[in-house]
Amino acid sequence: MSGSVAADLTEVRAAAELVAFGLQRRSRPVEGSDYRALLDRYRSELRFRDVVDTMAEGLGLEVLGTPRSGIVLAPEPGGAFATRLADLRTMDQAERLVFGLVLLGIAAYAYPQDVDFDDPETKLVDVVKVDEFLRSAIGTLQGQEGGEGTPEERARAAAEVYADMPQLITTQTGRCGRGCTLKAIEDALGWLVDQGAAGEATSLGPDVYHLTDRFRLLVADSAGGAALDALRELRAAGGRAA
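Keep in mind it's a predicted model, so treat the numbers as computed, not measured.

What counts, and where the lines are drawn
Residues numbered from 1 in each chain as written. Predicted model: local features only at pLDDT ≥ 70, side-chain atom pairs only at ≥ 80, totals over all residues. Heavy atoms only, no water. Axes fitted to C-alpha atoms, helices over the stretch in contact; angles between N-to-C directions. Helix = DSSP H or I, 4+ residues; strand = E, 2+ residues; numbered from the N terminus. Parallel < 35°, antiparallel > 145°, perpendicular 65-115°, else oblique. Contact = heavy atoms within 4.5 Å. Buried < 20%, exposed > 50% of the residue type's maximum accessible area, 1.4 Å probe, protein only. Pairing = 2+ DSSP bridges. Patch = residues over 30% accessible without salt bridge, like charges linked within 9 Å, V, L, I, M, F, W, Y side chains within 5 Å. Areas by Shrake-Rupley, 256 points an atom, 1.4 Å probe, with all protein chains shown as cover. Salt bridge = Lys/Arg side-chain N within 4 Å of Asp/Glu carboxyl O. Lys, Arg positive; Asp, Glu negative; His and termini not counted. Charge placed at Lys NZ, Arg CZ, Asp CG, Glu CD. Expected span 1.5 Å × (residues − 1).

With that settled, consider the packing of helix 2 (residues 34-44) against helix 3 (residues 46-58). The contact between helix 2 and helix 3 brings their axes to 6 Å, and the two run at 110 degrees. For the element pair helix 2 / helix 3, the angle class is roughly perpendicular. Across the interface between the two elements, Leu38, Arg41, Tyr42, Arg43 and Ser44 of helix 2 pack against Leu46, Phe48, Arg49, Val52 and Asp53 of helix 3.

Right, here's the structure in full:
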């Protein structure tokens, strides 16, 4: 009996370690690491997988998948690990609307069709191209139907704010200044990098980023909103992501 309890506790501890690795955005399951060993156990041992899934659920998390980049956890809305815009730098209402719109735009630009969610091939996004895509979508978003307080109404409001913003404001040092759409996209991609959902592809240019499996699985899990669907349809009509 005591041996069985000890084995169970050992399993629980290992499950907790795997969940902890998943919460550390920059951890990677490299060959020979503890993370890799735990990830392999999750993939091959049904009992261990059940323990991990149950522990994650108790913490307000859902295991979305275990791609090469590691275990992907999605927080439940309102849970302890839920990401809130209030956790970011201080933003006014307009900036929050634009931030949300840019995240939708990046998702639609990279994953316009459902088949893209099953494709582990790295998707690249360019700051300028995302801006061009969003500007081409303004009319579509402004046509969203929905009453006050609905996601559609927020999408319309965000599109109007975005349309009124200049594409580029430069600082005295020649960098993008706050208040322009290129800076808003740059900030959103920087936030995704911090979340382990993107990385800088500096070898391809200073404004190019690659999206990780984490971002792909999170978008697949949340797909279905009217604004995102409209953007994906528009992107699909104009061609696949690079």
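Still more ground to cover, so stick around.
What follows concerns the environment of Arg156. Topologically, Arg156 is positioned in helix 7 (residues 151-164). Through-space distance from the C-alpha of Arg156 to that of Asp131 is 17 Å; in sequence the pair is 25 residues apart. When sequence neighbours within four positions are dropped, the list of residues in contact with Arg156 reads Leu141, Gln142, Gln144, Glu145 and Gly146.

With burial as the criterion, only one face of strand 3 (residues 123-126) is covered, namely that bearing Lys123 and Val125; the residues Leu124 and Asp126 on the opposite face remain uncovered. Bridge count between strand 3 and strand 5 (residues 208-211): four bridges; the pairing is antiparallel. The residue bridging Val125 from the neighbouring strand is Tyr209, located in strand 5.

All right, on to a negative patch on the surface then. Judged by side-chain charge, Glu57, Glu62, Glu76 and Asp221 come together as a negatively charged surface patch. Here Glu62 lies in strand 1 (residues 61-65). Residue classification places Glu62 among the partly exposed positions, given a relative accessible area of 41%.

This part is about helix 8 (residues 181-194). Its 14 residues place the ends of helix 8 20 Å apart at the C-alpha level, agreeing with the 20 Å of an ideal helix rising 1.5 Å per residue. The element helix 8 is extensively covered by neighbouring structure, given that ten of its 14 residues are classed as buried. Among all positions of helix 8, only Thr181, Leu182, Lys183, Ala184, Ile185, Ala188, Leu189, Trp191, Leu192 and Val193 are buried.

Let us now look at the sheet that holds strand 5. Ordered by their spatial adjacency, three strands build an open sheet running 3-5-4, and the pairing between neighbours is antiparallel. On the outer flanks of this sheet lie strand 3 and strand 4 (198-200), each paired with one strand and no other. With strand direction ignored, the average angle separating the axes of adjacent strands in the sheet is 30 degrees. Here strand 4 runs beside strand 5; their pairing, made up of three bridges, is antiparallel.

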